[in-house]
Amino acid sequence: MTTLLKAIGLTKRFGGLTAVENVSVDVNLGEVVGLVGDNGAGKSTLIKMISGVYPPDEGELIFDGKPVSLSGPREARDMGIETIYQDLALAENLDVGSNIFLGRELKNRYLGGLVNTLNRNKMREESARVLDRLDIHIPSLAQQIRNLSGGQRQTVAVARTIYWNAKLVIMDEPTAALGVTEQRKVLTLVRTLCEQGVPVIIISHNMQDVFAVADRIVVMRRGKKVGELIAAKTTPDEVVSLMVGAEAVHEMGVIPKALNGAAGSV
């Protein structure tokens, strides 16, 4: 496999708190990496170092074969690292096309550029093209985002990243607050991205979602990477044991039913 991203020994401190300590992660082309851990495990901080929000205090990022030092999220996006957070960063009062081109609108230029108007038709045409590529069906691209379902909004956010040539997509809790049917659609979209050569890092508390799409699962606890497992060769019980620590599992005696099995949510 071709490795797109290598995060080597990343460490991030906030005052006296070490949020992430010496964590290394590889992401290869055409795969889904699940990133799991309890609240406070360091998942978000790790992702924010990869996406340019935080500079690491120690460690190195190698992207597409070259060492990189990101000055901010914009530089990461320009390189092809796109992060979709839970709030999706969509403008609810705008239509689908306007959201895909948000901040990078297409314009009609008149009088040598003295007069500019939004080229809404072209933006909708281009939006329809990328949605079709991802096998996403939205009845009308002219409707405002506020009128779409949660799953449809998630697909618009993904389509935006792909239109702007994302090489790596990071998805933070992509199925949170979605119904079962829409969860399946989003997970299908994740696999579609990988089939088209775009790897995905998916952060989720839902173990069923992780096992449905992930090729590898990286487990974090208290700021450290405590395990990296092949999804097809492990079980939710093993992943949860790493997440909470062997001592916690011993104290509980058995893993609580809510955390047991592929349907568990952690």
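Residues numbered from 1 in each chain as written. Predicted model: local features only at pLDDT ≥ 70, side-chain atom pairs only at ≥ 80, totals over all residues. Heavy atoms only, no water.

**Student:** How should I be thinking about empty space enclosed by the protein in this particular structure?
**Tutor:** The gaps of empty space that remain are located by a probe, the size of a water molecule, rolled over the atoms. Within this structure, the stated rule accounts for one cavity of 30 Å³ or more. Approximately 40 Å³ is the volume attributed to the largest cavity. Elements that contribute at least two residues to the lining of the largest cavity include exactly β3 (32–36) and α1 (43–50). With three residues, the top contributor of residues to the lining of the largest cavity is α1. Taken together, the residues of the lining of the largest cavity break down into eight nonpolar, no polar and no charged. (1 Å grid on protein atoms, 1.4 Å probe; cavity = no way out; pocket = protein on both sides within 12 Å on 5 of 7 lines; lining within 4 Å. Points joined across faces, edges and corners; volume = space filled by probe spheres on them. Helix = DSSP H or I, 4+ residues; strand = E, 2+ residues; numbered from the N terminus. Nonpolar A, V, L, I, M, F, W, Y, C, P; charged D, E, K, R; others polar.)

**Student:** Got a minute to help me understand the pairing of β3 in this structure?
**Tutor:** Both faces of the sheet carry side chains from a regular strand, because those side chains alternate between them. When you tally the buried positions in β3, you get five out of five residues, the bulk of the element. Side chains of β3 alternate between two faces, with Val32, Gly34 and Val36 and Val33 and Leu35 buried alike. Looking at chain direction, β3 and strand β11 (residues 216–221) are connected through four bridges and run parallel. Looking at β11, one finds that Gly34 is bridged to Ile217. (Buried < 20%, exposed > 50% of the residue type's maximum accessible area, 1.4 Å probe, protein only. Pairing = 2+ DSSP bridges.)

**Student:** Mind showing me how you'd approach the nonpolar core here?
**Tutor:** Across soluble globular proteins, you tend to see nonpolar side chains buried next to one another. Core analysis: the biggest nonpolar cluster contains 47 residues, and Ile162 and Val200 have the highest contact counts within it. Among all residues touching Ile162, those that are not within four sequence positions of it are Val130, Arg133, Leu134, Val169, Leu193 and Val198. Counting 26 residues, the second-largest nonpolar core is a separate cluster that includes Leu46, Ile47, Val218 and Met220. (Core = buried A, V, L, I, M, F, W, Y, C linked by side-chain atoms within 4.5 Å. Contact = heavy atoms within 4.5 Å.)

**Student:** In this structure, what is going on with the pattern of salt bridges? I would like to understand it.
**Tutor:** Oppositely charged side chains may form a pair once their charged atoms are brought near each other. This model, assessed by the stated rule, comprises twelve salt bridges. A salt bridge links Arg13 to Glu58, with the nearest nitrogen and oxygen atoms 2.7 Å apart. Residue Arg13 is found in strand β1 (residues 3–14), and its partner Glu58 is found in strand β4 (residues 58–63); the two are separated by 45 residues along the sequence. By relative accessible area, which is 36% here, Arg13 ends up partly exposed. (Salt bridge = Lys/Arg side-chain N within 4 Å of Asp/Glu carboxyl O.)

**Student:** Looking at this structure, how should I read the confidence of the model for the protein?
**Tutor:** Any region with low pLDDT has predicted coordinates that should not be read closely. Here the protein averages 88 in pLDDT, and 92% of its residues register 70 or above. Counting interchain partners and residues more than four positions distant, the pLDDT-below-50 stretch residues 247–266 has 35 contacts. (pLDDT = per-residue confidence, 0-100.)

**Student:** Just to check I follow, could you spell out the layout of surface pockets for this structure?
**Tutor:** A volume near 470 Å³ is recorded for the largest pocket. Sort the elements by how many residues they give to the lining of the largest pocket and helix α2 (residues 73–79) lands first, with five residues. Size it by volume and the second largest pocket reaches roughly 270 Å³. Taken together, 14 residues form the lining of the second largest pocket, with Asp135, Ile136, His137, Thr155 and Lys185 sitting closest to its centre. Counting only elements with at least two residues in the lining of the second largest pocket, the list comes to α5 (150–163) and α6 (180–195). If you tally residues by element for the lining of the second largest pocket, the top one is α6, at five residues. Class assignment of the residues belonging to the lining of the second largest pocket gives a composition of four nonpolar, seven polar and three charged.

**Student:** I would appreciate a short explanation of α5 in the present structure.
**Tutor:** Spacing of three or four residues puts side chains on the same side of an α-helix, whose turn is 3.6 residues. Helix length check: α5 (14 residues) gives 20 Å between terminal C-alpha atoms against 20 Å at 1.5 Å per residue, within 8%. Most of α5 sits inside the fold, with twelve of its 14 residues counted as buried. Of all the positions in α5, only Gly151, Arg153, Gln154, Thr155, Val156, Ala157, Val158, Ala159, Arg160, Thr161, Ile162 and Tyr163 are classed as buried. Of the surrounding elements, those touching the buried residues of α5 are β6 (81–84), α3 (96–100), α4 (120–133), β9 (168–172) and α6. One or two positions beyond α5, positive phi appears at Asn165, with a value near 60°. (Expected span 1.5 Å × (residues − 1).)

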